Amino acid sequence: MKETIWWKIGDPPGQDAILKQAGEILQNGGLVAFPTETVYGLGGDAFNPASSKRIYAAKGRPSDNPLIVHICRLSDLEKTAVSIPKDAYRLAEAFWPGPLTMILKKTAALPSETTGGLDTVAVRFPSHPLAQALIDAAGGFVAAPSANTSGRPSPTVGKYVYEDLCGRIDMLIDDGQVGLGLESTIVDLTEDHPMILRPGFITETMLRSVLGDVSLDPALLEKQKAPDLDPQKTQDQADLKSGMPAHSAHTHTGPKAPGMKYKHYAPKGEVIIFEGDEEKVSERLLYELQKDQKNGTRSGVILSERMLERLQRGKKETLADSVKCLGSSDDTQAMAHMLFRFLREFDDEGIQRIYVRAVAQEGLGLAVMNRLKKAAGGRIISL
Ligand code: TXA
Ligand code: MG
């Protein structure tokens, strides 16, 4: 076990000294976790194969799941990728720096350890000033997956990076809650037609406005079989588990981003998604919560302010052991911002069952539902 230095931005010795030390660690093959505008990243020198191996070990990540190479200058794109299509430059012009990752053909110089053995590379130019300064201090190329242990929700606050990676990395630069809260959109530009491999804040419509045409990896749209749940049944856990689809039900070819095939974003509690109008969801939710209370199951809910008001009307006792309110803002935006943090907090609170209402799978909602469905492992109940 090595000691992990945990620097909080704003505290001494000050940002410049922290970045200088972080740059030295990275240039010497060490690992530094850092904030980006999407989620925290676990960084190593992208051109050092030993660093990339250390990243996989620290995360407990399968070594066939490639890392994203982060750059801080558009001119550095050509040091990571070859045969770069015009579309890549158009996208860079529109969305970089920002939450967009492009898959391109890799240069020979980039170690295959960084790209999980693939001849393509994922490249991203983040907009977070600290991320940019860190990449610069490291020499310009930082390979970084999300800074969680494999399978856990991506960290959006520093303390969850520390919880997962303490003793496995050299330094954590903590800048509090990140701005966006979901990982970058990934678009593949290595085939004849651009394809979205992972949805994010840069939506299909936004990509289409630049590319004209873009498709979605079919694996993203695949429906997982909803469990057959009868609200009249009195049995508890066993009911929800029966009829559960296998976790990794995907198309025959599977998703093109290797990471999308793995179990992901899972809190310790069971996540259950309700799909339907507010009235039906409220009714079913109250039924499940009552059942949980009777069985001594600790329950948590994520609710919009409106749903919360509706549920609390005329109800004196506590609704659930933990209630996370999305506020009055647009549900999808708020959910994107807070989902991963809420899932982690439910773990801290020992919550065994987590109920969430589905958002519409359009725009940013596609990204939210993609992460939520993975967290729920197929437990979606249509009402
Ligand atoms: O917002 C983000 O993208 C964050 C921050 C830290 O930048 N990073 C992140 O990295 O989410 P990670 O490793 O957790 O997810 C990267 C995804 C994985 O699903 C991986 O399989 C896919 O990108 N990927 C990487 N290189 C690829 C390639 N050459 N071809 C296809 N998919 C690739
Ligand atoms: Mg990840």
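Residues numbered from 1 in each chain as written. Chains lettered and ligands numbered in written order. Predicted model: local features only at pLDDT ≥ 70, side-chain atom pairs only at ≥ 80, totals over all residues. Heavy atoms only, no water.

**Some words on the pairing of strand S9 (residues 171-174)**
Here S9 shows no split at all, with Met171 and Ile173 on one side and Leu172 and Asp174 on the other all buried. For strand S1 (residues 5-8) and S9, the ladder comprises four bridges, and the chain directions are parallel. Residue Trp7 lies in a different strand from S9, and its bridge partner there is Ile173. (Buried < 20%, exposed > 50% of the residue type's maximum accessible area, 1.4 Å probe, protein only. Helix = DSSP H or I, 4+ residues; strand = E, 2+ residues; numbered from the N terminus. Pairing = 2+ DSSP bridges.)

**Quick look at the site of ligand 1**
Close to ligand 1 lie 28 residues, the nearest being Thr38, Asn65, His70, Ser184 and Gly259. Interatomic distance of 2.9 Å between a side-chain N/O atom of Ser146 and an oxygen atom of ligand 1. Contact distances for ligand 1 include 2.5 Å between an oxygen atom and a side-chain N or O atom of Ser184. Expressed as a share of its isolated accessible area of 680 Å², the protein-covered part of ligand 1 is 97%. (Near = heavy atom within 4 Å. Polar contact = N/O pair within 3.5 Å; in protein donor to acceptor, adjacent residues only side chain to side chain. Areas by Shrake-Rupley, 256 points an atom, 1.4 Å probe, with all protein chains shown as cover.)

**Notes on the packing of helix H12 (residues 331-348) against helix H13 (residues 364-376)**
Taken N-terminus to C-terminus, the directions of H12 and H13 make an angle of 25°; their axes are 9 Å apart at the nearest point. In terms of orientation, H12 lies roughly parallel with respect to H13. Here H12 and H13 pass one another in a crossing that is left-handed. Facing Thr332, Gln333, Met335, Ala336, Leu339, Phe340 and Leu343 of H12, the residues of H13 in contact are Leu364, Gly365, Val368, Arg371, Leu372 and Ala375. Class assignment of the residues belonging to the contact of H12 with H13 gives a composition of nine nonpolar, three polar and one charged. (Axes fitted to C-alpha atoms, helices over the stretch in contact; angles between N-to-C directions. Parallel < 35°, antiparallel > 145°, perpendicular 65-115°, else oblique. Left-handed = near helix turned anticlockwise from the far one by under 90°. Contact = heavy atoms within 4.5 Å. Nonpolar A, V, L, I, M, F, W, Y, C, P; charged D, E, K, R; others polar.)

**Focus on the domain arrangement of the protein chain**
When the domains of the protein chain are assigned, the result is domain 1 (5-215) and domain 2 (222-382). One C-alpha centre belongs to domain 1, the other to domain 2; they are set 29 Å apart. Every contact between the two is made by 36 residues of domain 1 and, on the other side, 31 residues of domain 2. When domain 1 packs against domain 2, close to 2,600 Å² is buried across both sides, 55% of that on carbon and sulfur atoms. It is Pro153, Tyr160 and Leu182 in domain 1 that bury the most area against domain 2; as a group they hold 23% of the surface buried on that side. At the junction of domain 1 and domain 2, the tally comes to six salt bridges. A salt bridge links Asp188 to Lys256; its shortest N-O distance comes to 2.5 Å. Joining domain 1 to domain 2, the criterion identifies 15 residue pairs in polar contact (both at pLDDT 80 or more). Mapped by element, the contributors of at least two residues to the side of domain 1 that touches domain 2 are helix H6 (158-165) and strand S11 (195-198). Of the residues that constitute the side of domain 1 that touches domain 2, the class distribution is 15 nonpolar, 12 polar and nine charged. (Domains from an automatic or database assignment. Buried area = accessible area lost by both parts, 1.4 Å probe. Salt bridge = Lys/Arg side-chain N within 4 Å of Asp/Glu carboxyl O.)

**Brief notes about the packing of H6 against H12**
Between two packed helices, the angle of one axis relative to the other and the distance separating the axes together describe the packing. It is the contact of H6 with H12, at a shortest axis distance of 11 Å, that shows an interaxial angle of 60°. Taken as axis vectors, H6 and H12 run oblique relative to one another. By crossing handedness, the relation of H6 to H12 is classed as left-handed. Only Arg344, Glu345 and Asp348 of H12 make contact with H6, whose side of the interface consists of Lys159, Tyr160, Glu163 and Asp164. Partitioned by chemical class, the residues of the contact of H6 with H12 number one nonpolar, no polar and six charged.

**Describing the layout of surface pockets**
The volume enclosed by the largest pocket comes to roughly 610 Å³. Taken together, 40 residues form the lining of the largest pocket, with Arg61, Pro66, Ile68, Ile186 and Arg198 sitting closest to its centre. Mapped onto the lining of the largest pocket, the elements with two or more residues apiece are strand S4 (68-70), strand S7 (120-124) and S11. Element by element, the count of residues in the lining of the largest pocket is highest for S7, at four residues. Considered class by class, the residues forming the lining of the largest pocket number 18 nonpolar, 14 polar and eight charged. Looking at the lining of the largest pocket, you find at least three residues from each of domain 1 (5-215) and domain 2 (222-382). (1 Å grid on protein atoms, 1.4 Å probe; cavity = no way out; pocket = protein on both sides within 12 Å on 5 of 7 lines; lining within 4 Å. Points joined across faces, edges and corners; volume = space filled by probe spheres on them.)

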